[in-house]
Amino acid sequence: MVELGWRPLSVTPVFSLGQDWIATLAPMEGAVSPVYPNGTTVRADLYPNDKSLEDGPFKVWEGVVDGDLVKFHVEHDQVDVVPNREYMRIMIVYPGTPVSDPFCWAKGRVVRDD
């Protein structure tokens, strides 16, 4: 089968009580540098598991583009209030592309490891 289009990566964000959430996303093998041109923005959107995406995220955490890496560091007081099984989407915007809307790069359900 040939797939046309983009299938977001499947991820499992793991949160632990009292711990900051620190995540670094590296490019896939074979990616050509620079992976993220200047002006690229990345964020993690969190949605309640009983709401639709149209209602919008209840939390948005901005990532930092550092060369060919994307880094997230979220303080534990923000992480501790996120319930198990909430839905996370990692959204990215590349500058200079025809579409300025955020692009879903990865998605998955939060797992609490308290």
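Bear in mind that the values here come from a model prediction, so they are computed numbers and not experimental data.

(A) Broad picture of the nonpolar core. Residues Phe15, Trp21, Leu46, Trp61, Phe72, Met88 and Ile90 are the most contacted members of the largest nonpolar core, which totals 20 residues. When residues of this core are traced back to their parent elements, those giving at least two are strand 3 (21-25), strand 4 (41-47), strand 7 (69-74), strand 8 (87-93) and strand 9 (103-109). For Met88, the contacting residues outside a window of four places in its chain are Pro13, Phe15, Trp21, Ala44, Asp45, Leu46, Trp61, Ala106, Lys107 and Gly108.

(B) Up close: the pairing of strand 4. The buried fraction of strand 4 amounts to 5 of the 7 residues, a majority that puts the element mostly inside the structure. The pairing of strand 4 with strand 8 spans 7 bridges and is antiparallel. Looking at the pairing, Ala44 lines up with Ile90 of strand 8. As judged from the 4 bridges shared by strand 4 and strand 5 (residues 59-62), these two strands associate in the antiparallel manner. By the bridge assignment, Ala44 is partnered in strand 5 with Trp61.

(C) View of the side chain of Thr40. Looking at where Thr40 falls in the secondary structure, it is placed in the loop between strand 3 and strand 4. Separated by 2.7 Å, the side chain of Thr40 and the backbone oxygen of Pro37 make a polar contact. Among residues more than four places away in sequence, those in contact with Thr40 are Val65, Ile92, Val93, Tyr94 and Pro95.

(D) A look at the sheet that holds strand 6 (residues 64-66). On the basis of which strands lie adjacent, the open sheet formed by 3 strands has the order 3-7-6 and antiparallel pairing. The sheet is open, and its two borders are formed by strand 3 and strand 6, each paired with just one other strand. The average angle at which neighbouring strand axes cross in this sheet is 20 degrees, direction not considered. Here strand 3 runs beside strand 7; their pairing, made up of 5 bridges, is antiparallel. Residue pairing in the sheet places Ile22 in a bridge with His73 of strand 7.

Each value, and the rule that gives it
- Residues numbered from 1 in each chain as written.
- Predicted model: local features only at pLDDT ≥ 70, side-chain atom pairs only at ≥ 80, totals over all residues.
- Heavy atoms only, no water.
- Core = buried A, V, L, I, M, F, W, Y, C linked by side-chain atoms within 4.5 Å.
- Buried < 20%, exposed > 50% of the residue type's maximum accessible area, 1.4 Å probe, protein only.
- Helix = DSSP H or I, 4+ residues; strand = E, 2+ residues; numbered from the N terminus.
- Contact = heavy atoms within 4.5 Å.
- Pairing = 2+ DSSP bridges.
- Polar contact = N/O pair within 3.5 Å; in protein donor to acceptor, adjacent residues only side chain to side chain.
- Axes fitted to C-alpha atoms, helices over the stretch in contact; angles between N-to-C directions.

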